[in-house]
Amino acid sequence: MTERLDRIEAILERTAQRAEANTVAIEANAVAIEAIAATIEADRVANAQLRSTVNSLVQVVEIHQLNHEATGHNFEGIVTELREIRTELRGLRTESQRILEYLFGRQENGES
């Protein structure tokens, strides 16, 4: 019977040691879990800030795109106006040339 009690005591001692080791491991894991939870929270905040920054950048890009489209439209209008002005200038140059030829032609013929 003593032998049986000795075995039970040994088993109880090992169980107590394992329980103590498990308690230490649980406490260590609790610290690690808290650190992981803090990291997760920091990542959540960083992700929210990143999402906000991306949204702001998308808005800026959309505004620039609208401005670019408007500028392109304005540029096309300016090019059209320049072509019209060039056509008018050619007409004026032709008309001026005719007037000069008429005036100089009259002078060469002795007419005033």
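Relevant structure appears above.
Presented here is an overview of the structure given in this document. (Residues numbered from 1 in each chain as written. Predicted model: local features only at pLDDT ≥ 70, side-chain atom pairs only at ≥ 80, totals over all residues. Heavy atoms only, no water.)

So, the overall build of the protein chain
As a reminder of what qualifies: Secondary structure is summarised from DSSP: a helix means a run of H or I of at least four residues, a strand means a run of E of at least two, and numbering begins at the N terminus for each. All radius of gyration figures rest on C-alpha atoms, and the globule criterion is 2.2 Å times the number of residues raised to 0.38. Burial status follows relative accessibility: with a 1.4 Å probe on protein chains alone, a residue under 20% of its type maximum counts as buried, one over 50% as exposed, and anything between as partly exposed. Under the convention used here, Asp and Glu are negative, Lys and Arg are positive, and both His and the chain ends fall outside the count. To locate a charge, the coordinates of NZ of Lys, CZ of Arg, CG of Asp or CD of Glu are taken.
When its secondary structure is counted, the protein chain shows one helix and zero strands. By the compact-globule yardstick of 13 Å for 112 residues, the protein chain is too spread out, its C-alpha radius of gyration being 47 Å. In terms of principal-axis extent, the alpha carbons of the protein chain reach across some 155 × 15 × 15 Å. For the protein chain, with 112 residues in total, the buried portion stands at 0%. Treating the 12 positive side-chain charges of the protein chain as one cloud and the 19 negative ones as another, the clouds have centres 5 Å apart.

Structural notes on the pattern of salt bridges
Put simply, the rule reads: Throughout this description, the term salt bridge denotes a Lys or Arg side-chain nitrogen within 4 Å of a carboxyl oxygen of Asp or Glu.
If you walk through the whole model with that rule in mind, you get two salt bridges. R44 is the salt-bridge partner of E41, the closest N and O atoms lying 2.6 Å from each other. With E41 and R44 both in helix α1 (residues 2-108), this residue pair falls three residues apart, about one helical turn. A relative accessible area of 38% means that E41 is categorised as partly exposed. Relative accessible area serves as the criterion here: at 48%, R44 is assigned to the partly exposed category. The residue E95 makes a salt bridge to R98 at a minimum N-O spacing of 3.6 Å. In this pair, E95 and R98 are both assigned in helix α1, three residues apart and thus about one turn of the helix distant. E95 sits in the partly exposed class, given a relative accessible area of 39%. A relative accessible area of 51% places R98 in the exposed class.

Structural notes on the environment of A10
Summarising the element assignment, A10 is placed in helix α1. Sequence spacing of A10 and L103 is 93 residues, and the spatial spacing of their C-alpha atoms is 134 Å.

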